[in-house]
Amino acid sequence: MSRPPGGLSEKILRQHRDRLAIVYIRQSTVQQVERHQESTRLQYALVERAFDLGWARESIVVVDNDLGRSGATIEGRLGFQRLVAEVGLGRVGLVLGVEMSRLARSNRDWHQLLEICALFDTLIADVDGVYDPAHFNDRLLLGLKGTMSEAELHILKARMLAGRRAKARRGELGKPVPMGYVRRPSGEVALDPDEQAQATIRLVFALFERFRTVGKVLSYLVAHDIRMPVRIAGGPNKGELDWRRANRPTLHNLFGNPIYAGIYAYGVRTTERRRQKPGRPGTGRRPPRAGEAEVLLPDRLPAYISRAQFDRNQAQLCANRTENTGPTHAGTALLSGLVVCGRCGLRMTAGYNNNGHAARYICSGENSSYGTAFCQSLKAAPVDAQVTSIVLQALQPAALEASLAVATDLQAERAALEQQWRQRLERAQYKVDQARRRYTSTEPENRLVARTLERDWEEALAEQVRLTAEHDRFRRERPQAPGPGELAAIRQLTTDLPALWQAPTTTGEDRQTIVRLLLERVLLTVIDATEQVRLDCHWHGGSKTSHTLIRPVARVTALSTYAALLARATDLHRAGHGCANIAAILNQEAWRPPKRRDTFNAAMVRRLLTAAGVIEPAPRRPRIVSERRPDEWTIRELAAELGVPQPTLYHWVQTKRLPSRSVKAGSGSATLVTADAATIANLKTIRATPPPWRRLPPPGRTTNHATLDS
């Protein structure tokens with residue numbers, strides 16, 4: 001076939017025509033592909049331009065995989081990636097696009113293509129001409145066109161964004177509405193016409209006002225099988241109400257959305273570009289933050305809650321974050337999240353030992369950040385006892401109001417649950433009636449349709465029966481509404497706040513919640529590593545009270561009164577008093593030991609004077625054990641022989657790994673362990689074995705071969 005000689009370019013050589021000519025076709029969105037078909041025709045027409053430039057039709061390849069995809073990034077554009085790969089393999093002599101913006105809207109991707117084309121001697125062509133990226137003038141012109149293409153995209157986006165913001169400032173920008181709302185055909189936002197949907201949203205906000213944590217609200221909804229009303233956004237069932245399981249992200253978005261307070265907001269959920277995934281414009285969005293919104297127009301929409309309640313919810317969500325006080329916990333520490341170190345000012349954490357029963361407040365911020373020593377640490381029990389006394393004293397005037405509030409909350413909760421069940425049963429009855437009407441309206445002879453409608457009717461009836469049974473079980477298990485006697489008992493109980501505080505029905509989380517309602521933070525300072533602790537309580541409202549408490553310490557030398565105590569005990573000893581008399585005198589004078597007990601005894605006084613060198617230590621008398629059999633050892637003797645700690649031997653004896661018996665020794669008893677020479681040799685071999693392979697024989701077996709202890 002002949003070609004017009006004027007269609008050839010002097011830049012095109014035989015080596016270019018021996019390779020492929022790729023026609024790259026792209027449009028940004030699916031709507032453009034459907035509505036702007038003329039642009040698509042112009043791009044496909046580039047095949048004829050490649051033919052006019054001297055390429056055979058079998059050497060012309062059309063790459064149209066990227067129709068409906070944005071050119072802002074290379075991610076997700078399989079066609080462009082294929083184009084770059086083919087050029088990098090040296091198979092392409094010419095790349096054609098109707099304009100440079102079709103190839104790329106990003107200078108990074110555009111210049112990468114230019115570098116590869118220049119390296120592999122590939123030409124680039126558009127409707128204006130043919131360019132060689134290896135030549136400076138053409139490279140400069142292509143770079144300028146790529147810059148203009150990227151700038152054009154930014155200008156278009158900025159223009160559209162400015163229009164959106166201007167419309168949002170007037171409160172006229174339409175946005176998808178959350179659950180509990182619908183948008184009418186006129187564009188007006190209204191409450192969901194379904195009564196159960198409205199009741200569920202109001203119940204969720206009431207639960208958060210009561211529990212103050214998202215986790216507890218979620219647990220309550222799951223325990224009572226309460227689902228969230230969601231209007232389907234697209235598909236054949238668009239606009240229909242769908243009841244879905246509650247989840248934590250949904251509740252966070254619900255509590256953080258200002259529309260529920262009647263506020264029109266724009267920019268509540270900003271987008272972090274570093275977290276956004278290419279090709280997915282909805283990703284990278286942060287949780288709703290009303291304080292960072294660009295537009296806030298109050299009283300523009302129907303509301304479920306007041307503005308004051310919305311502000312309280314935001315403050316509570318902020319306080320529940322771990323970097324602040326955090327939510328209430330199930331541990332025994334009363335001030336978890338409220339304690340601040342009085343030395344360094346960092347927040348103290350609650351640590352637990354003894355299987356979670358013994359709590360401590362630990363200042364470990366410097367240790368975890370810089371590896372330094374712990375700032376201070378003390379048991380939580382005396383601090384919690386002191387704070388409990390302070391809080392109960394502050395709560396005495398509000399006892400009657402608290403009792404009335406408790407009764408009101410109980411009645412409101414039971415009424416809300418009963419309303420939920422009534423609405424669910426009403427919805428089930430409606431579905432049964434609807435299925436029955438559809439079935440009865442069908443001609444009996446049309447069995448193909450009647451069988452399906454009959455099955456739907458049976459399923460609706462089965463669901464109604466299931467809900468009715470669950471409702472009956474719920475009414476049997478849940479407590480009835482409080483009667484006059486129960487209300488009187490509640491009022492009587494609140495008059496004795498200490499008993500209510502210690503009642504088994506009052507959980508640790510309830511106590512933490514009460515304390516958090518009163519106290520903003522508590523500063524703890526251990527004075528000179530002694531038993532004295534300064535307690536500074538900062539109350540909500542700005543007031544501050546200071547207190548001093550006594551904590552248990554490990555050693556008597558840590559007491560702030562140690563010097564005076566030792567001097568007094570020494571004087572009494574020199575006056576001729578024995579240890580028992582000294583202990584009695586110290587107790588009468590209100591001296592207190594470091595921990596475990598409130599009074600001194602003779603043994604404690606003897607240890608005090610012995611450690612200070614006032615009296616000589618009593619010589620240790622060896623325990624005389626009668627009736628010792630051959631190859632029997634005491635725990636102390638066998639531990640010294642084997643070179644192992646005594647607790648290890650006690651463990652072996654308690655687990656029956658070594659035979660033993662208990663005998664009398666003086667006024668007490670002693671444990672004798674049977675171990676012959678072979679057993680001792682095997683035990684020494686065991687101790688010399690590396691720990692990962694050490695294992696002790698099971699009970700009932702002798703150590704006649706080297707076995708290992710873990």
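The rules behind each value
- Residues numbered from 1 in each chain as written.
- Predicted model: local features only at pLDDT ≥ 70, side-chain atom pairs only at ≥ 80, totals over all residues.
- Heavy atoms only, no water.
- Pairing = 2+ DSSP bridges.
- Helix = DSSP H or I, 4+ residues; strand = E, 2+ residues; numbered from the N terminus.
- Axes fitted to C-alpha atoms, helices over the stretch in contact; angles between N-to-C directions.
- Left-handed = near helix turned anticlockwise from the far one by under 90°.
- Contact = heavy atoms within 4.5 Å.
- Nonpolar A, V, L, I, M, F, W, Y, C, P; charged D, E, K, R; others polar.
- Buried < 20%, exposed > 50% of the residue type's maximum accessible area, 1.4 Å probe, protein only.
- Arc of directions from axis to C-beta.
- Parallel < 35°, antiparallel > 145°, perpendicular 65-115°, else oblique.
- Phe/Tyr/Trp six-rings, centres within 6.5 Å; stacked < 30°, edge-to-face > 60°.
- Lys NZ or Arg CZ within 6 Å of the ring centre and 35° of its normal.
- Patch = residues over 30% accessible without salt bridge, like charges linked within 9 Å, V, L, I, M, F, W, Y side chains within 5 Å.
- Areas by Shrake-Rupley, 256 points an atom, 1.4 Å probe, with all protein chains shown as cover.
- Salt bridge = Lys/Arg side-chain N within 4 Å of Asp/Glu carboxyl O.
- pLDDT = per-residue confidence, 0-100.

**Overview of the sheet that holds strand β16 (residues 519-526)**
In step 1: Read across the open sheet, the 4 strands follow the order β12-β16-β17-β18; overall the sheet is mixed. The open sheet is flanked by β12 (339-341) and β18 (544-550), the only strands paired with a single partner. Averaged over all neighbouring strand pairs, the angle between strand axes comes to 25°, with direction disregarded.
In step 2: Two elements, β16 and strand β17 (residues 532-539), share 7 bridges in a ladder whose sense is antiparallel.

**As for the packing of helix α23 (residues 635-642) against helix α24 (residues 646-654)**
The angle between the axes and the distance between the axes are what describe a pair of packed helices.
In step 1: Packing of α23 against α24 brings their axes to within 9 Å, and their N-to-C directions diverge by 115°. As for the relative orientation of α23 and α24, their crossing is right-handed in sense. Contacts between α23 and α24 pair Ile 635, Arg 636, Leu 638, Ala 639 and Leu 642 from the former with Gln 646, Leu 649, Tyr 650, Trp 652 and Val 653 from the latter.
In step 2: Class assignment of the residues belonging to the contact of α23 with α24 gives a composition of 8 nonpolar, 1 polar and 1 charged.

**Some details on helix α10 (residues 214-223)**
In step 1: Of all the residues in α10, the buried ones are Val 214, Val 217, Leu 218, Tyr 220 and Leu 221. Seen from one end, α10 has its buried residues packed into an arc of 160°, which puts them on one side. Residues of α10 that are exposed and point more than 90 degrees away from the buried face comprise Val 222 and Ala 223.

**Considering the packing of α23 against helix α25 (residues 677-688)**
In step 1: One can describe the packing of α23 onto α25 by two numbers: an axis separation of 10 Å at closest approach and a directional angle of 55°. As summarised for this structure, α23 and α25 are arranged oblique, according to the angle between their axes. Contacts between α23 and α25 involve Leu 638, Glu 641 and Leu 642 from the former and Ile 680, Leu 683 and Lys 684 from the latter.
In step 2: Looking at the contact of α23 with α25 residue by residue, the class counts come to 4 nonpolar, no polar and 2 charged.

**Focus: the packing of aromatic side chains**
In step 1: If you walk through the whole model with that rule in mind, you get 10 aromatic pairs.
In step 2: Among the aromatic residues, ring-to-ring pairing joins Tyr 181, Phe 205, Phe 208, Phe 255, Tyr 260 and Tyr 304 into one connected group.
In step 3: Here the guanidinium or amino end of Arg 57 rests over the ring plane of Phe 51, the centre of that ring lying 4.2 Å away.
In step 4: For Arg 424, the ring lying beneath its charged end belongs to Trp 421, and the centroid distance is 4.5 Å.

**Describing unusual backbone geometry**
In step 1: Residue Asp 121 is not a glycine yet carries a positive backbone phi of 55°.
In step 2: By secondary structure assignment, the location of Asp 121 is in the loop between α7 (107-119) and β4 (123-125).
In step 3: Phi at Ala 590 takes a positive value of approximately 70°, unusual for a residue other than glycine.
In step 4: Looking at where Ala 590 falls in the secondary structure, it is placed in the loop between α21 (579-588) and α22 (602-611).

**What to know about a nonpolar patch on the surface**
In step 1: Together, Leu 141, Leu 144 and Met 148 line one region of the surface with nonpolar side chains, adding up to about 290 Å² of accessible area.
In step 2: Inspection of the secondary structure puts Leu 144 in helix α8 (residues 136-169).
In step 3: Classification of Leu 144 by relative accessible area gives partly exposed; the value is 48%.

**Here we look at the pattern of salt bridges**
In step 1: Tallied over the entire structure, the rule returns 28 salt bridges.
In step 2: Glu 152 is paired through a salt bridge with Arg 105; the nearest N and O atoms lie 3.1 Å apart. Here the residue Glu 152 occupies a position in helix α8, and Arg 105 occupies one in the loop between α6 (100-103) and α7, the gap between them amounting to 47 residues.
In step 3: Taking the relative accessible area as the measure of exposure, Arg 105 reaches 9% and is therefore buried.
In step 4: In this structure, Glu 209 and Arg 312 form a salt bridge, with 3.0 Å as the shortest nitrogen-oxygen distance.

**A short note on the confidence of the model for the chain**
In step 1: Looking at the chain, pLDDT values average 82 and 86% of them are 70 or higher.
In step 2: Note that residues 1-7 has pLDDT below 50 and, in this model, 6 contacts with residues that lie over four places away or in other chains.
In step 3: Across residues 701-710, confidence stays below pLDDT 50; counting only partners more than four residues off in sequence or on other chains, it has 28 contacts.

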